[in-house]
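Next come the chains, spelled out residue by residue.
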Amino acid sequence: GYGAAFSPAGGSNYAVIGATTDIQNFNHAVNQPAGVGFIANLATTGMSAQVGQFFLAAPTFNPNSTLFMVWGGPNDLFLGLALGADLAVVGEAAVGNLASIVGGLFVAGAKTVLVPLMPDLALTPLGRSSSPADAAALSLFTAGFNAGLT
């Protein structure tokens, strides 16, 4: 999908670090680490773009034995925090994006899709280094996001 060679053992991985659930990339948008913002090809490597690349590749897979894993959401939160966005809106949009991605995979013939819940972001390095109020907000975001997925 994005210039990386696939494993000679098979499989395909379209994951890109910093991907949000839409087409954006958190790392590109906030230029972290420094200089990443100048990598134009990284700007639109979000999960929705990744699944678009997957469909463009006209994949062949055995729907009876292929496991698709769709895991995202934290980068949406991090971008929302960086931009001062309404985090409830960010969470709702991320859940909707994931639902669209999973729906697209099912339309393409997928039978088994794993969508893990988000771990409590208050327990991450960001959460642990935050004020108690901010850590509580991260836990609340996580709970709301996970409730939206289930």
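The preceding data block contains the structure.
Described below are features of the structure shown in this document. Computed from a predicted model, the values in this text were never measured in an experiment. (Residues numbered from 1 in each chain as written. Predicted model: local features only at pLDDT ≥ 70, side-chain atom pairs only at ≥ 80, totals over all residues. Heavy atoms only, no water.)

**Observations concerning the packing of aromatic side chains**
Throughout the structure, instances matching the rule amount to 7 aromatic pairs. On the numbers, 5.7 Å between centres and 55° between planes, the contact of phenylalanine 54 with phenylalanine 55 is tilted. The exposure class assigned to phenylalanine 54 is buried, which follows from its relative accessible area of 9%. For phenylalanine 55, a relative accessible area of 34% gives the class partly exposed. (Phe/Tyr/Trp six-rings, centres within 6.5 Å; stacked < 30°, edge-to-face > 60°. Buried < 20%, exposed > 50% of the residue type's maximum accessible area, 1.4 Å probe, protein only.)

**Re the side chain of glutamine 50**
With respect to the element layout, glutamine 50 can be found in helix 2 (residues 47–56). Separated by 2.8 Å, the side chain of glutamine 50 and the backbone oxygen of threonine 45 make a polar contact. (Helix = DSSP H or I, 4+ residues; strand = E, 2+ residues; numbered from the N terminus. Polar contact = N/O pair within 3.5 Å; in protein donor to acceptor, adjacent residues only side chain to side chain.)

**Notes on the nonpolar core**
Core analysis: the biggest nonpolar cluster contains 23 residues, and Val70, Leu105, Val113 and Phe145 have the highest contact counts within it. Every element with two or more residues in this core is listed here: helix 2, helix 4 (87–107) and helix 6 (132–149). At 6 residues, helix 4 tops the list of elements feeding residues into this core. Ignoring sequence-local partners within four residues, the contact set of leucine 105 consists of Val51, Phe54, Phe55, Phe68, Val70, Ala110 and Val113. (Core = buried A, V, L, I, M, F, W, Y, C linked by side-chain atoms within 4.5 Å. Contact = heavy atoms within 4.5 Å.)

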